[in-house]
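Secondary and tertiary structure notes
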Amino acid sequence: MTISIKLYFSFCFTTILMSCQGQNIYTKNKTMSTTKNNNPIYSTTDTNKVVMKEEEWKEILTPEQYYIARQKGTERPGSSKFENFKEQGTYYCAACGNPLFVSDTKFESGCGWPSFFAPFQKSTLIYTPDFSHGMNRTEVQCARCKAHVGHVFEDGPKPTGLRYCINGAILNFEKKPEEKK
Ligand SMILES: [Zn+2]
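Residues numbered from 1 in each chain as written. Predicted model: local features only at pLDDT ≥ 70, side-chain atom pairs only at ≥ 80, totals over all residues.

1. Let's talk about the confidence of the model for the chain
Of the residues in the chain, 81% reach a pLDDT of 70 or more, and the chain-wide mean stands at 86. In the model, residues 12–29 has pLDDT below 50 throughout and makes zero contacts with residues more than four positions away in sequence or in other chains. (pLDDT = per-residue confidence, 0-100. Contact = placed C-beta atoms within 7 Å.)

2. Observations concerning the sheet that holds strand β10 (residues 171–175)
Across the sheet, four strands lie side by side as β1-β10-β2-β3; this open sheet has antiparallel pairing. Looking along the sheet, the strands with just one partner apiece sit at the ends: β1 (31–32) and β3 (99–102). Across two bridges, the pairing between β1 and β10 is antiparallel. Within β10, the residue paired with T31 across the bridge is E174. (Pairing = 2+ DSSP bridges. Helix = DSSP H or I, 4+ residues; strand = E, 2+ residues; numbered from the N terminus.)

3. A few points about the pairing of strand β2 (residues 89–93)
Relative to β10, β2 runs antiparallel, the two being bridged by five bridges. Paired with Y91 across the two strands is F173, which belongs to β10. Judged from the three bridges that link them, β2 and β3 form a sheet pairing that is antiparallel. Along β3, the bridge assignment pairs T90 with V102. Taking the residues between adjacent antiparallel strands as the criterion, β2 and β3 are bridged by five residues, where G97 takes a positive phi near 95°.

4. Observations regarding unusual backbone geometry
Here K158 and P159 are connected by a cis peptide whose omega angle stands at 5°. Tracing the chain through its elements places P159 in the loop between β8 (148–153) and β9 (163–166). Although it is not a glycine, K146 adopts a positive phi angle of roughly 65°. Topologically, K146 is positioned in the loop between β7 (137–142) and β8. The exposure class assigned to K146 is partly exposed, which follows from the 18 C-beta atoms found within 10 Å. (Buried ≥ 20, exposed ≤ 12 C-beta atoms within 10 Å, placed from the backbone.)

5. A look at the environment of S115
With respect to the secondary-structure elements, S115 resides in strand β5 (residues 115–116). On the neighbour-count criterion, S115 (24 C-beta atoms within 10 Å) is buried. Remark: the alpha-carbon pair of S115 and V152, spanning 37 residues in sequence, is separated by 9.3 Å. With residues near it in sequence (within four places) discarded, S115 still touches K106, F107, S109, R163, Y164 and C165.

6. Topic: the environment of P157
Topologically, P157 is positioned in the loop between β8 and β9. For the pair P157 and F107, spaced 50 residues apart in sequence, the C-alpha to C-alpha distance is 8.4 Å. Ignoring any residue separated from it by four or fewer positions in sequence, one finds P157 in contact with F107 and F117.

7. Details of the environment of E64
Along the chain, E64 turns up in helix α3 (residues 63–71). For the pair formed by E64 and A169, sequence separation is 105 residues and the distance between their alpha carbons is 7.3 Å. Discounting residues that sit within four places of it in the chain, E64 has contacts with E75 and A169.

8. Points about α3
Three or more residues of α3 are buried, namely Q65, I68 and A69. Viewed end-on, α3 has its buried residues packed into an arc of 85°, placing them on one side of the element. Those residues of α3 that are exposed and angled more than 90 degrees off the buried face are P63 and Q71. The inward-facing, buried residues of α3 abut β8. (Arc of directions from axis to C-beta.)

9. Let's talk about the sheet that holds strand β6 (residues 125–130)
Taken together, six strands build an open sheet; the order of strands is β4-β5-β9-β8-β7-β6 and the sheet is antiparallel. If you trace the sheet from one side to the other, it starts and ends with β4 (106–107) and β6, each paired once. Where β4 and β5 come together, two bridges link them in antiparallel fashion. Bridged to K106 within β5 is F116.

So this is what it looks like as structure tokens:
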């Protein structure tokens, strides 16, 4: 066998090996969580309201999450791994675990942030008029912990006509379990 053929085969082998490893990592990583492990209030089932001091939130959240959730900040457009993410599953509030959106209502708005046309349930979010930055917008907050998550606009697709423009940094994603055959 000539050297070039040997090289060709070793290249193919490496490529196959790499793609297999990629898949393994992918299937293991069912939850895309950015929540720190020391979050005592994080629960995807507890519906009790969360009231905590700002210092306590600072301990629990990452600096970016704290800026968005507690200071009504906005992540850089196009920076979220969830913007063009198409997996089937549920999006939870990264601060408290409250289910906020499901993938069935996600759509590509092209606005630079993960977008949904409906929340998990109507009671999932709190809606507040927001006149900051010279705009007339409606702010949406997590109804359990009052984290600022984004805004809702009335230029979304059917059936609701709404566009929930959400900061991906304050979302945790959990993949839908595989259906049993
Ligand atoms: Zn929350």
